Amino acid sequence: MDVLAQLADYSLSTRLYDAYLSVPKEVPKEVPKEVPKEVPKDDPIILNKNIYFWCFFVAKYGMEVKMDLTNESKEKIEQIEEVRKNTHILKEIKYKRVTFEEDLMYAKTISMSTLKVLCLMNKLSILIIKNKCYYFFNYGTTIHLLENNRVTFDIKNVEEIESKYYFLDTKPLKAISSYKLKDLRDIGTKLGIEIDVGTKSRLKKAIYDDILIKLNQMI
């Protein structure tokens, strides 16, 4: 057999080229691009350190700090400088400047009084639910909720929270003379305290003492 004839099937001849063009080509499938998921603006931020300070921080600076909770020392120094220029803020709530500064700079978790100063000075509204109680520092137009270490932006159900939980200021309970029996019964009901024994209503002091014990256990 002729050698050239044997190689005909492997050489780039017109016949082979035409045969190549006649074979249907598989069109590669287009891989769809992954569209990044948009993070809802009202997604809560979960905090795991110095909860009250960082709650103030994200309430002040908004969603842009969601993934970048930094500049802690810088912010604290700025807040101390502002308070020194506005010491009347501390006088309004009877809070000592040295106590505020030491608590802000060195405490692992700042106190409610320090948080109240920060909210008042920066015109912020923060509502904190803790057990069956709530704190509410209401000095701004947008209300932020802190519950179970989660900060939720711009809440609307304030009245529902107020009716369900017991309101706390920086001090858990006033003197017994500040309350009527009905007031203490309402507080006790919110805290899950027994108000009546059988058909008899408990005395004012007994309810007050139970409320005080309960609050000391809860906060």
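Residues numbered from 1 in each chain as written. Predicted model: local features only at pLDDT ≥ 70, side-chain atom pairs only at ≥ 80, totals over all residues. Heavy atoms only, no water.

**Q** Explain the overall build of the protein chain residue by residue, including any values.
**A** Looking only at helices and strands, the protein chain has 10 helices and 8 strands in total. Counting all 219 residues of the protein chain, 34% fall into the buried class. Of all intrachain contacts in the protein chain linking residues separated by at least 6 positions in sequence, the fraction that spans at least 24 positions is 47%. Approximately 15,000 Å² of the protein chain is accessible, and the part contributed by carbon and sulfur atoms is 54%. (Helix = DSSP H or I, 4+ residues; strand = E, 2+ residues; numbered from the N terminus. Buried < 20%, exposed > 50% of the residue type's maximum accessible area, 1.4 Å probe, protein only. Contact = heavy atoms within 4.5 Å. Areas by Shrake-Rupley, 256 points an atom, 1.4 Å probe, with all protein chains shown as cover.)

**Q** Just give me the short version of the side chain of Asp103, but keep the residues and values in it.
**A** Examined against the element boundaries, Asp103 turns out to sit in helix α6 (residues 97-106). For Asp103, which is buried and forms no salt bridge, the nearest opposite charge comes from Lys76, at a distance of 9.0 Å. In this view, Asp103 contacts Tyr95, Thr109, Ile110, Ser111 and Thr114; residues no more than four positions away in its chain are not counted. (Lys, Arg positive; Asp, Glu negative; His and termini not counted. Salt bridge = Lys/Arg side-chain N within 4 Å of Asp/Glu carboxyl O.)

**Q** Give me the lowdown on the confidence of the model for the protein chain, citing residues and values where you can.
**A** Mean pLDDT over the protein chain works out to 82, with 76% of the residues at or above the 70 mark. Low pLDDT, under 50, characterises residues 35-39; the stretch is placed with 1 contact to residues that sit more than four places away or in other chains. (pLDDT = per-residue confidence, 0-100.)

**Q** Lay out the pattern of salt bridges with the relevant residues and their values.
**A** Tallied over the full model, the rule gives 11 salt bridges. One salt bridge in this structure joins Lys49 and Glu72, with 3.7 Å as the shortest N-O distance. In this pair, Lys49 sits in the loop between β1 (45-46) and α3 (51-61) while Glu72 sits in helix α4 (residues 72-85), placing the two residues 23 residues apart along the sequence. The exposure class assigned to Lys49 is partly exposed, which follows from its relative accessible area of 44%. The class of Glu72 is partly exposed, set by a relative accessible area of 22%. Salt-bridge contacts for Glu72 lead to Lys76; the nearest nitrogen and oxygen are separated by 2.9 Å. One end of the pair, Glu72, and the other, Lys76, are both in helix α4, 4 residues apart, so they sit about a helical turn from each other.

**Q** So what about the nonpolar core? Which residues, and what values?
**A** Among the nonpolar cores identified, the biggest contains 49 residues, and Phe100, Leu115, Ile128, Tyr166, Leu191, Ile211 and Leu215 are the most heavily contacted of them. Not counting chain neighbours up to four residues away, the residues in contact with Leu215 comprise Cys133, Tyr166, Leu168, Pro172, Leu173 and Leu191. (Core = buried A, V, L, I, M, F, W, Y, C linked by side-chain atoms within 4.5 Å.)

**Q** Could you give me a rundown of unusual backbone geometry, with the residues and numbers involved?
**A** Even without being a glycine, Asn50 presents a positive backbone phi close to 35°. Topologically, Asn50 is positioned in the loop between β1 and α3.

**Q** For the packing of aromatic side chains, give the residues involved together with the corresponding values.
**A** One pair of aromatic rings is described through two measures. These are the centre distance and the angle between the planes. This structure, assessed with the given rule, holds 8 aromatic pairs. Centroid distance Phe53 to Phe57: 6.2 Å. Interplanar angle 40°. Geometry classified as tilted. Taken together, the positions of Phe53 and Phe57, both in helix α3 and 4 residues apart, correspond to about one turn of that helix. As far as the burial class goes, Phe53 and Phe57 line up, both buried. With 6.4 Å between their ring centres and 40° between their planes, Tyr135 and Phe137 make a pair best called tilted. (Phe/Tyr/Trp six-rings, centres within 6.5 Å; stacked < 30°, edge-to-face > 60°.)

**Q** Explain the packing of α3 against α4 to me, using residue names and the numbers behind them.
**A** Packing of α3 against α4 leaves a shortest axis separation of 12 Å and a crossing angle of 85°. Compared by their axis directions, α3 and α4 come out roughly perpendicular. Where α3 abuts α4, its residues Phe53, Trp54, Phe56, Phe57, Lys60 and Tyr61 lie against Glu72, Glu75, Lys76, Glu78 and Gln79. Considering only residue class, the contact of α3 with α4 consists of 5 nonpolar, 1 polar and 5 charged. (Axes fitted to C-alpha atoms, helices over the stretch in contact; angles between N-to-C directions. Parallel < 35°, antiparallel > 145°, perpendicular 65-115°, else oblique. Nonpolar A, V, L, I, M, F, W, Y, C, P; charged D, E, K, R; others polar.)

**Q** Which residues make up the sheet that holds strand β5 (residues 150-152), and what are the values?
**A** Sheet architecture is open: 6 strands sit in the order β1-β5-β4-β2-β3-β6, paired in mixed fashion. With partners counted over all chains shown, the strands left at the sheet margins are β1 and β6 (166-168), one partner each. As defined by bridge partners, β1 adjoins β5 across 2 bridges and the pair is classed as antiparallel. Across the sheet, Ile46 pairs through a bridge with Arg150, a residue of β5. (Pairing = 2+ DSSP bridges.)

**Q** Which residues make up the pairing of strand β2 (residues 125-130), and what values do they have?
**A** Burial within β2 is extensive, with 5 of its 6 residues counted as buried. Taken together, the 6 bridges between β2 and strand β3 (residues 133-138) define a ladder with antiparallel strand orientation. Bridge pairing in β3 places Ser125 opposite Asn138. In this sheet, strand β4 (residues 143-147) lies alongside β2 in parallel orientation, the contact comprising 5 bridges.

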